[in-house]
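Structural characterization, general
As a plain string of letters, each chain reads:
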Amino acid sequence: MSKKYVQVSKPASKEVHINASTNNKVVTSQNQVVVTSVGLQGPAGTTASSEVFTQASASNEWVINHSLNKKPSVTVVDSADTVVVGEVSFQSNSRLTVKFEATFSGKAYLN
């Protein structure tokens, strides 16, 4: 969004639409006018952007199926909420595996 500044002697009001069809605006404040041009709205985002996976039984390999339709970032914590580093491999945009040196249970946060 680009802004252009123009000096005026008396501001007319706080906000004035100058072209409703393109959402251009003039905003006045302390004798200054800011002209803002707003573009078209982008596409809607996905409804789910993160998931939490719980590994209830202790294991050194977690297979995680999710519905994010992407290869998410993965943060794993053990049952004491300590971050644990593992080797993440992606089988698809809805399935991944995390391998660890030790066996434990915990949660994986997918974003």
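What counts, and at which threshold
- Residues numbered from 1 in each chain as written.
- Predicted model: local features only at pLDDT ≥ 70, side-chain atom pairs only at ≥ 80, totals over all residues.
- Heavy atoms only, no water.
- Helix = DSSP H or I, 4+ residues; strand = E, 2+ residues; numbered from the N terminus.
- Buried < 20%, exposed > 50% of the residue type's maximum accessible area, 1.4 Å probe, protein only.
- Pairing = 2+ DSSP bridges.
- Contact = heavy atoms within 4.5 Å.
- Phe/Tyr/Trp six-rings, centres within 6.5 Å; stacked < 30°, edge-to-face > 60°.

Time to look at unusual backbone geometry. Of note, the phi angle at Asn69 is positive, near 55 degrees, even though the residue is not glycine. Within the secondary structure, Asn69 is located in the loop between β5 (51–65) and β6 (74–78). In this structure, Asp81 is a non-glycine residue whose phi angle is positive, near 65 degrees. Topologically, Asp81 is positioned in the loop between β6 and β7 (83–84). When its relative accessible area of 58% is taken as the criterion, Asp81 is described as exposed.

Before going further, it helps to examine the pairing of strand β9 (residues 95–110). The pairing of β5 with β9 spans 11 bridges and is classified as antiparallel. Note on β9: the bridge partner recorded for Glu61 is Lys99. Bridge count for β6 against β9 is 5 bridges, and the pairing is antiparallel. Following the sheet pairing, Asp78 is matched in β9 by Gly106. Relative to β9, strand β8 (residues 87–92) runs antiparallel, the two sharing 5 bridges.

With that settled, the discussion passes to the environment of Ser105. With respect to the secondary-structure elements, Ser105 resides in strand β9. Put simply, Ser105 and Asn60 are 45 residues apart on the chain and 8.6 Å apart in space, counted from C-alpha to C-alpha. Setting aside its immediate chain neighbours within four residues, Ser105 contacts Gln55, Ala56, Ser57, Ala58, Trp62, Val77, Asp78 and Ser79.

What follows is about the environment of Ser94. Tracing the backbone through its elements, the reader meets Ser94 in the loop between β8 and β9. Owing to a relative accessible area of 35%, Ser94 belongs among the partly exposed residues under this scheme. With 29 residues separating them in the primary sequence, Ser94 and Asn65 have C-alpha atoms 5.7 Å apart. Those residues within four positions of Ser94 in sequence are excluded, and the remaining contacts are Ile64, Asn65 and His66.

A complete count under the given rule lists 4 aromatic pairs for this structure. Between Trp62 and Phe100 the ring centres are 5.2 Å apart and the planes differ by 65 degrees, which places this aromatic pair in the edge-to-face class. Highlighted residues: Trp62 in strand β5 and Phe100 in strand β9, separated in sequence by 38 residues. Judged by relative accessible area, which is 0%, Trp62 ranks as buried. Judged by its relative accessible area of 8%, Phe100 falls in the buried class. Here the aromatic rings of Trp62 and Phe104 are separated by 5.2 Å at their centres, their planes lie at 50 degrees, and the arrangement is tilted. Here Phe104 lies in strand β9 and Trp62 lies in strand β5, a separation of 42 residues in the sequence. By way of ring pairs, the aromatic residues Phe53, Trp62, Phe100 and Phe104 are connected into one cluster.

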